[in-house]
Amino acid sequence: MTSLAHHAREGTPRTVVVIEDEHSIAQAVATRLRSEGYDVEVAGDGPSGVELCERAHPDLVVLDLMLPGLDGIEVCKRVQHDRAVPILMLTARDSEADLLVGLAVGADDYMTKPFSMRELIARVHALLRREARNAAPADAPSLRIGAVELDAGSRRVRREGELVHLTPTEFDLLHYLATRPGRVATREELLAQVWGYDVPSGARTVDSHIRSIRRKLGADLVRTVHGVGYAVDEVPAWS
């Protein structure tokens, strides 16, 4: 049993909600998570998934993209409306458009079916670890990259003074690159430092998040170094 499955202060099990309409997948995921020490509740369609999250206040949600009643995109929007909760999205469709929409509405990570349970558990652990360490001091310095300002204390991002919504993962990824100006970070490094795991299938996760950041903040904000990774070039000005 992993200590990540319990809240550090209370020692109570963390709650994971699994929203998946394929019964065999839902039960397999729930069984493996319970074996790791998590409290797990399962919903088989979109509307009941939203209702379950409102009632259970989960620490993390494993969410299928294709659901009856409400699809995963709409469920993600509704679950994230009142409070931020880490979301790991599952998809049978390997469409970049679907993945970008999922990231845009608040999913923190995604996995394409079929997937290994070992990798799913690694990603759940990583998301909860990052959630625990994300709290920054209120007086943490803000960082400017051209027209973009990152406020580490409030975890807010502005472009030309206008507030832009980034998911927690997008913020962490951009902040990691921006605090190392001119230095190229490999995908493997970003997976290890931002996501907290390093598996071969994770490379596309990094690429998809970079595309989402560019779509929100400008195509030239993050530079691609082909065959290596990504970099932010402008020297930051701390405020």
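The coordinates are above.
Residues numbered from 1 in each chain as written. Predicted model: local features only at pLDDT ≥ 70, side-chain atom pairs only at ≥ 80, totals over all residues. Heavy atoms only, no water.

### Some thoughts on the packing of aromatic side chains
Aromatic ring pairs are described here by two measures, namely the spacing of the ring centres and the angle between the planes. Filter applied, for reference: Working definition: a ring pair exists when centres of Phe, Tyr or Trp rings (six-membered ring for Trp) sit within 6.5 Å. Plane angles under 30 degrees give stacked, over 60 give edge-to-face, the rest tilted. Over a ring means this: the NZ of a Lys or the CZ of an Arg is within 6 Å of the ring centre and within 35 degrees of the ring normal.
For the structure shown, the criterion picks out 0 aromatic pairs. Across from the ring centre of Tyr-176, 3.7 Å away, lies the NZ or CZ of Arg-180, which sits over that ring.

### Re helix α8 (residues 203–217)
Stated precisely, the cut-off is as follows: Each helix is a run of H or I in the DSSP string that is no shorter than four residues. Each strand is a run of E no shorter than two, and both are numbered from the N terminus. By definition here, a helix of n residues has an expected span of 1.5 Å times n minus one. Here's how the labels work: a residue is buried when its accessible area is under 20% of the maximum for its type, exposed when over 50%, partly exposed in between, all with a 1.4 Å probe on protein chains only.
Its 15 residues place the ends of α8 21 Å apart at the C-alpha level, agreeing with the 21 Å of an ideal helix rising 1.5 Å per residue. With 11 of its 15 residues buried, α8 lies for the most part within the structure. Of the positions making up α8, those classed as buried are Thr-205, Val-206, Asp-207, Ser-208, His-209, Ile-210, Ser-212, Ile-213, Arg-214, Lys-216 and Leu-217.

### Thoughts on the sheet that holds strand β4 (residues 87–91)
What holds strands together in a sheet is hydrogen bonding between their backbones, with the strands either parallel or antiparallel. For clarity, the threshold we go by: When DSSP finds two or more bridges between two strands, those strands count as paired. Interaxial angle, 0 to 180 degrees, is taken between N-to-C directions of lines fitted to C-alpha atoms, where a helix line uses only the stretch in contact. Whether two residues are in contact is decided by their heavy atoms, any of which lying within 4.5 Å being enough.
The 5 strands are arranged β2-β1-β3-β4-β5 in an open sheet whose pairing can be described as parallel. Each edge of the open sheet carries a strand with a single partner, namely β2 (39–43) and β5 (109–112). Taking the axes of each pair of neighbouring strands and ignoring which way they run, one obtains an average angle of 15° across the sheet. Note that strand β1 (residues 15–19) and strand β3 (residues 60–64) share 4 bridges and pair parallel. For Val-18, the partnering residue across the bridge sits in β3 and is Val-62. Strand contacts of helix α1 (residues 23–35): β1 and β2, with the helix running at about 170° to β2, the strand carrying the most contacts.

### Focus on the state of the cysteines
For clarity, the threshold we go by: Cysteine sulfurs are considered disulfide-paired once they come within 2.5 Å of each other.
Per the counting criterion, the structure on display carries 0 disulfides. Residue Cys-53 stays outside any disulfide, its sulfur separated by 9.9 Å from that of Cys-76, the closest cysteine. With a relative accessible area of 8%, Cys-53 lands in the buried category. We classify Cys-76 as buried; its relative accessible area is 0%.

### Re the nonpolar core
The test is simple: Here the nonpolar core consists of buried residues drawn from Ala, Val, Leu, Ile, Met, Phe, Trp, Tyr and Cys, with membership extended through side-chain atoms lying within 4.5 Å.
Within the largest apolar cluster, 28 residues are counted, with the highest numbers of intra-cluster contacts made by Leu-174, Leu-177, Leu-190 and Leu-217. Among the elements of the structure, β6 (142–145), β7 (148–151), α6 (168–178), α7 (187–195) and α8 are those that each provide at least two residues to this core. For this core, the leading source of residues is α6, giving 6 residues. Those residues in contact with Leu-177, other than ones at most four positions away along the chain, are Ala-185, Leu-190, Ile-210, Val-222, Tyr-230, Ala-231 and Val-232. Core analysis: the next-biggest nonpolar cluster, separate from the first, contains 23 residues, Val-17, Leu-70, Cys-76 and Leu-103 among them.

### Let's talk about the side chain of Ser-212
Its location among the elements puts Ser-212 in helix α8. The residues contacting Ser-212, other than those within four sequence positions of it, are Leu-100, Leu-103, Ala-104 and Glu-170.

### A word on the sheet that holds strand β10 (residues 185–186)
The strand order across the open sheet built from 3 strands is β10-β12-β11, with neighbouring strands paired in antiparallel fashion. Both edges of this open sheet fall to β10 and β11 (223–225), since each of them pairs with a single strand only.

### Here's the deal with the pattern of salt bridges
Heads up, the condition is: We define a salt bridge as a contact between a side-chain nitrogen of Lys or Arg and a carboxyl oxygen of Asp or Glu at a distance within 4 Å.
According to the stated counting rule, one finds 14 salt bridges in the structure shown. Glu-41 serves as the salt-bridge partner of Arg-55, at 3.4 Å between the closest nitrogen and oxygen. Of this pair, Arg-55 sits in helix α2 (residues 46–56) while Glu-41 is found in strand β2, placing the two residues 14 residues apart along the sequence. With relative accessibility at 29%, the residue Glu-41 sits in the partly exposed group. The salt bridge partner of Arg-155 is Asp-172, with a shortest N-O separation of 2.9 Å. Here Asp-172 lies in helix α6 and Arg-155 lies in the loop between β7 and β8 (156–159), a separation of 17 residues in the sequence. Arg-155 gets classed as partly exposed once you look at its relative accessible area, which sits at 26%. In this structure, a network of salt bridges that share partners links the residues Glu-20, Glu-22, Asp-64 and Lys-113.

These figures capture arrangement, not role.
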